[in-house]
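Breakdown of the fold
One-letter residues, chain by chain:
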Amino acid sequence: MADLAEEEMDNPTFRSDTVLSDVHLHCPSKRHLMVRLNAVGQPVFLSYFKLLWSTEDLASGKHVREITTGREQQSRSGDELGDKDRSNVKEKGELNSEGVEALLDDDGDLEVVRRPRGASDLQAEDLLRDIVCPVILMKGKEDAFEDEEQECTCSDVVKIEHTMATPLEDVGKQVWRAAFLLADHILFQRDTFRGCSVLELGGGTGITSIIMATVAKRVYCTDVGDDLLAMCEQNVALNKHLIEPGGGEIKVKELDWLKDEFCTDPETPYSWSEEEIADLLDHCSVIMAADVFYDDDLTDALFRTLYRITHNLRNSCTVYLALEKRLNFTLRHMDITCEAYSHFRNTLNDLENLQDGKMKYTVEHIKPDFCQFLVYERIEQL
């Protein structure tokens, strides 16, 4: 089985529907270990994601000050290096229908403006990012996994099992930047979430729920698919060293946005008990979702689920939504667009303007300029 997986990774084939996240390539691990094949034959890797704090440092605020200073220096350097490029944009650029500046060459073709190299190098230095390649754990080399375990201290690492490339319907098995951005916000505002009961929609690998459980009392991490939920449950077990000291708890549950009710069939894995549903509706004060807005139909289904759940909550609730705005050139528009983001914004506006005499929603944008607590590439599209 390992030999077959090695051959597949040496000659990867990406179909037209393959979706690839590169988050796992920007963490300080020396290697990524393929630990198994999942139920549908996809290679599952274990990655270590570095936390920029330990229990002692978080209490003292030491790393918070260091990271803030580094990001301020990066911002200033980027401004100095990018002034000339921005002036060229103003002279040559044109605004498309969504307000995105597009550069065209003399023939009218799209020019891609890349980030100044100096700023990129500085960011890599600040975040200690090393781009690494996956290594397959071969039979007879189990000690390699043990060595990797010993290299990481319990207080500064999140261990996540994930896949590296999937069809669109399985993207929850990968790790995505918006999940890290939301995790950063949780750690930055940890007193806000301390002792809360939280629901995550589309939890995927569970990394955001794991970070939330370091401060919250109880987190219901939800998604669909037994294989994905089993992976999420495994990640929760791998990170007990982070969750248990604060007394937090994570319950991995199925929640299908295309269905109007919670799954309560006791024969179904990850179903809800009546007590768990009552606990959620009585105590939940925070709902969160990260990088789940990539398909218009699923976006509509999520907002319907969000309305249904918030309508039945006993108390008022704050919903945190994080996403990466992905720009694409489409033949249909012959322009740079971000259709999934546009649909999300339109649906969010509809929710805010909803007048049914039962619920009122207020939308507030949170600037992503808070401190960074996890090692990943925080790009401007987040």
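What counts and what doesn't
Residues numbered from 1 in each chain as written. Predicted model: local features only at pLDDT ≥ 70, side-chain atom pairs only at ≥ 80, totals over all residues. Heavy atoms only, no water. Buried < 20%, exposed > 50% of the residue type's maximum accessible area, 1.4 Å probe, protein only. Helix = DSSP H or I, 4+ residues; strand = E, 2+ residues; numbered from the N terminus. Right-handed = clockwise from strand over helix to strand, strands pointing away. Pairing = 2+ DSSP bridges. Phe/Tyr/Trp six-rings, centres within 6.5 Å; stacked < 30°, edge-to-face > 60°. Lys NZ or Arg CZ within 6 Å of the ring centre and 35° of its normal. Expected span 1.5 Å × (residues − 1). pLDDT = per-residue confidence, 0-100. Contact = heavy atoms within 4.5 Å. Axes fitted to C-alpha atoms, helices over the stretch in contact; angles between N-to-C directions. Parallel < 35°, antiparallel > 145°, perpendicular 65-115°, else oblique. Left-handed = near helix turned anticlockwise from the far one by under 90°.

Next up on the list: the pairing of strand 10 (residues 197–200). By the alternation rule, side chains of strand 10 split into Ser-197 and Leu-199 and Val-198 and Glu-200, which are all buried. Between strand 10 and its parallel partner strand 11 (residues 218–223), the chain crosses via helix 8 (residues 207–212), and the hand of that crossover is right-handed. Pairing of strand 10 with strand 13 (residues 284–290), which is carried by 4 bridges, proceeds in the parallel orientation. The residue bridging Glu-200 from the neighbouring strand is Met-288, located in strand 13.

Moving on to the packing of aromatic side chains. Within the structure shown, the criterion is met by 10 aromatic pairs. Members of the aromatic cluster, connected to one another through ring pairs, are Phe-293, Phe-303, Tyr-341 and Phe-344. A cation sits over an aromatic face here: Arg-308 above Phe-262, 5.7 Å from the ring centre.

Okay, helix 9 (residues 226–238) next. Helix length check: helix 9, at 13 residues, gives a terminal C-alpha distance of 18 Å against a target of 18 Å (1.5 Å per residue), a fit within 8%. Those residues of helix 9 that sit buried are Leu-228, Leu-229, Met-231, Cys-232, Asn-235, Val-236 and Leu-238.

The next subject is the confidence of the model for the protein chain. Taken residue by residue, the protein chain gives an average pLDDT of 76. The fraction at 70 or more is 63%. Within the model, the stretch residues 63–95 combines pLDDT values under 50 with 39 contacts to residues more than four positions away or in other chains. Here residues 127–151 is modelled with pLDDT under 50, and outside its nearest four sequence neighbours on either side it reaches 60 contacts, counting other chains as well.

A separate point is the packing of helix 12 (residues 296–312) against helix 13 (residues 339–352). Two numbers describe how helix 12 lies on helix 13: the axes approach to 10 Å, and their chain directions differ by 25 degrees. What the angle tells us is that helix 12 and helix 13 run roughly parallel. Between helix 12 and helix 13 lies a crossing of right-handed hand. Contacts between helix 12 and helix 13 pair Asp-296, Thr-299, Asp-300, Phe-303 and Leu-306 from the former with Glu-339, Ala-340, His-343, Phe-344, Thr-347, Leu-348 and Leu-351 from the latter.

Tracing the backbone through its elements, the reader meets Leu-187 in helix 6 (residues 177–188). Remark: the alpha-carbon pair of Leu-187 and Phe-373, spanning 186 residues in sequence, is separated by 7.2 Å.

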